[in-house]
Amino acid sequence: MPDWQRAFAAAGATVDVRWWDDATVDPAAVRYVLVWDPEPGRLAKLPKLEVIFGSGAGVDFITADPDLPRHVPLVRMATPGAAQRMGEFVTWAALSLLKGARRIGAAQAERRWDYFEPEWTAPETTVGIMGLGHMGAAAARMLQGIGFPVIAWSRTPKQVPGVRSYAGGAERDAFLTATRILVCLLPATPETRHILAKPLLDALPDGAGLVNVGRGSQQKIEDILAALDSGKLSGAVLDVFDQEPLPPEHPAWTHPKLLVTPHLASLPPRSERAAHVAKLIAAHERGEALPNTYDHARGY
Ligand code: NAP
Ligand code: GLV
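Definitions and cut-offs
- Residues numbered from 1 in each chain as written.
- Chains lettered and ligands numbered in written order.
- Predicted model: local features only at pLDDT ≥ 70, side-chain atom pairs only at ≥ 80, totals over all residues.
- Heavy atoms only, no water.
- Core = buried A, V, L, I, M, F, W, Y, C linked by side-chain atoms within 4.5 Å.
- Buried < 20%, exposed > 50% of the residue type's maximum accessible area, 1.4 Å probe, protein only.
- Helix = DSSP H or I, 4+ residues; strand = E, 2+ residues; numbered from the N terminus.
- Contact = heavy atoms within 4.5 Å.
- Pairing = 2+ DSSP bridges.
- Near = heavy atom within 4 Å.
- Polar contact = N/O pair within 3.5 Å; in protein donor to acceptor, adjacent residues only side chain to side chain.
- Nonpolar A, V, L, I, M, F, W, Y, C, P; charged D, E, K, R; others polar.
- Phe/Tyr/Trp six-rings, centres within 6.5 Å; stacked < 30°, edge-to-face > 60°.
- Axes fitted to C-alpha atoms, helices over the stretch in contact; angles between N-to-C directions.
- Parallel < 35°, antiparallel > 145°, perpendicular 65-115°, else oblique.
- Left-handed = near helix turned anticlockwise from the far one by under 90°.
- Areas by Shrake-Rupley, 256 points an atom, 1.4 Å probe, with all protein chains shown as cover.

Undergrad: In this structure, what is going on with the nonpolar core? I would like to understand it.
TA: Taken as a class, soluble globular proteins show a tendency for nonpolar side chains to be buried jointly. Met130, Leu182, Leu210 and Leu233 are the most contacted members of the largest nonpolar core, which has 29 residues in total. Within the residue set of this core, elements represented by two or more residues are β5 (150-154), α6 (172-177), β7 (181-184), α7 (198-202), β8 (208-212), α8 (221-230), β9 (233-238) and β10 (258-260). For this core, the element with the highest residue contribution is α8, accounting for five residues. Ignoring anything within four residues of it in the chain, the contact list for leucine 182 reads Gly128, Met130, Phe175, Leu176, Leu196, Leu200, Leu204, Gly209, Leu210 and Val211.

Undergrad: How should the sheet that holds strand β1 (residues 32-35) be read in this particular structure?
TA: The pairing of strands in a sheet happens through backbone hydrogen bonds and is either parallel or antiparallel. In spatial order, the strands read β1-β2-β3; together these three strands make up an open sheet with parallel pairing. Strands at the two margins of the open sheet, each flanked by one partner only, are β1 and β3 (74-75).

Undergrad: Honestly, the site of ligand 2 in this entry has me stumped. Any pointers?
TA: All residues in the neighbourhood of ligand 2 are listed as Trp36, Gly56, Ala57, Gly58, Arg215 and His263. Within the backbone of alanine 57, an N or O atom sits 2.7 Å from an oxygen atom of ligand 2. Of the residues in the shell around ligand 2, the class split is two nonpolar, three polar and one charged.

Undergrad: Is there a simple way to think about the packing of aromatic side chains in this case?
TA: Centre-to-centre distance and the angle between the planes together describe a pair of aromatic rings. Going through the model one piece at a time under the given rule, you end up with five aromatic pairs. Judged by centre distance (5.1 Å) and plane angle (55 degrees), the ring pair of phenylalanine 89 and tryptophan 92 falls under tilted. In this pair, phenylalanine 89 and tryptophan 92 are both assigned in helix α3 (residues 80-99), three residues apart and thus about one turn of the helix distant.

Undergrad: How do you make sense of the sheet that holds β9 when you look at a structure like this?
TA: Reading across from one edge, β6-β5-β4-β7-β8-β9-β10 is the order of the seven strands in this open sheet, with parallel pairing throughout. Each edge of the open sheet carries a strand with a single partner, namely β6 (164-167) and β10. Sheet twist, expressed as the average angle between the axes of neighbouring strands with direction ignored, equals 15 degrees. Both β9 and β10 contribute to a ladder of three bridges, which runs parallel. Within the sheet, the bridge partner assigned to valine 237 lies in β10 and is leucine 259. Lying over the sheet, α8 contacts β8, β9 and β10, oriented at roughly 140 degrees with respect to β9.

Undergrad: What is the right way to look at the packing of helix α1 (residues 2-10) against helix α9 (residues 270-285) in this model?
TA: The description of two helices packed together rests on the angle between their axes and the distance between the axes. Running from N to C, α1 and α9 point in directions that differ by 50 degrees, and their axes come no closer than 8 Å. Of the possible angle classes, the one that applies to α1 and α9 is oblique. Remark: the crossing between α1 and α9 carries right-handed chirality. Every residue of α9 that contacts α1 at Asp3, Trp4, Ala7 and Phe8 is listed here: Arg270, Ser271, Arg273, Ala274, Val277 and Ala278.

Undergrad: How should I be thinking about the environment of leucine 280 in this particular structure?
TA: Within the fold, leucine 280 resides in helix α9. When its relative accessible area of 5% is taken as the criterion, leucine 280 is described as buried. Other than its neighbours up to four places away in sequence, leucine 280 contacts Phe53, Val75, Leu290 and Pro291.

Undergrad: How should the site of ligand 1 be read in this particular structure?
TA: Around ligand 1 lies a shell of 28 residues, among which Arg76, Met135, Thr156, Lys158 and Tyr300 are the nearest. Leucine 132 is positioned with one of its backbone polar atoms (N or O) 3.0 Å from an oxygen atom of ligand 1. When ligand 1 sits alone it has 940 Å² of accessible area, and the protein chains cover 92% of it. Of all the secondary-structure elements, those providing two or more residues to the shell around ligand 1 are α5 (134-145) and β5.

Here you go:
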């Protein structure tokens, strides 16, 4: 809490910042909350709540609350630093797949001189991004910067320089067929649940790579492990899982073609998130519309 309080003060916020479990806080005095995964029912007990700020870009852990006060605007985090970090992570993941980073790391751990020649270069490797929003667009720019051709698939058509846009169910298979490394940057919605499963993986070229930085609910891990075993996928980087932390006994930890990262692709520091929220609170108090609000009908 002292970190958060200092960060809000440094951002010039005039709000009184208190910890969620501070027993001296009158629930009727709370006008704003900044949360990641509140206990179900907690937000409904704040009768004067004006805005819920999600501390991440995905707010599925907030909307999972059956008692979520739906009349209160829910703002998704979207800072330049978050997009920068995501772009860096996705570029690192794509290069790791290209250069065989999992194999290199395993050989080093065993002091084994495992010489091999990575087959592909970036310009020969089309990266297909599912979800071309705040995060996807930043990833596309950075990938293009080092020579990857980039295509993308989203609900509606997009215009991002140099990125061929595919949209909707009708164009999904054409997008997958043209993709060598698939990056998932979709929000968690009923439509995207278990999208990364056998039927979608089968539509990719043999030996494709996979990066999931969306949500664990989007992947069927047993199908991904089977595709890695069969060679349908040559490698994968998974940052998100159904159960986090991933349990120590989970087979994903030891799969020789899989890099597991602990949901760290993109989280900007508290100072940046506090400054962003302070700016939005000031805008709200001036009567301005809030950006990047969650749409209950769309599900993100
Ligand atoms: P965003 O700006 O809202 O973009 C979401 C994109 O997904 C949009 O292009 C949207 O298309 C597309 N989309 C949504 N539903 C779709 C569907 N059913 N079929 C096809 N496309 C669909 O969100 P964002 O800020 O980029 O974040 C995206 C997600 O990344 C978050 O929800 C979160 O799950 C994940 N994330 C993970 C980390 C991490 O550390 N691992 C960090 C940040 C975010 P339209 O615009 O056409 O509707
Ligand atoms: C992290 O997962 C986020 O949604 O920001």
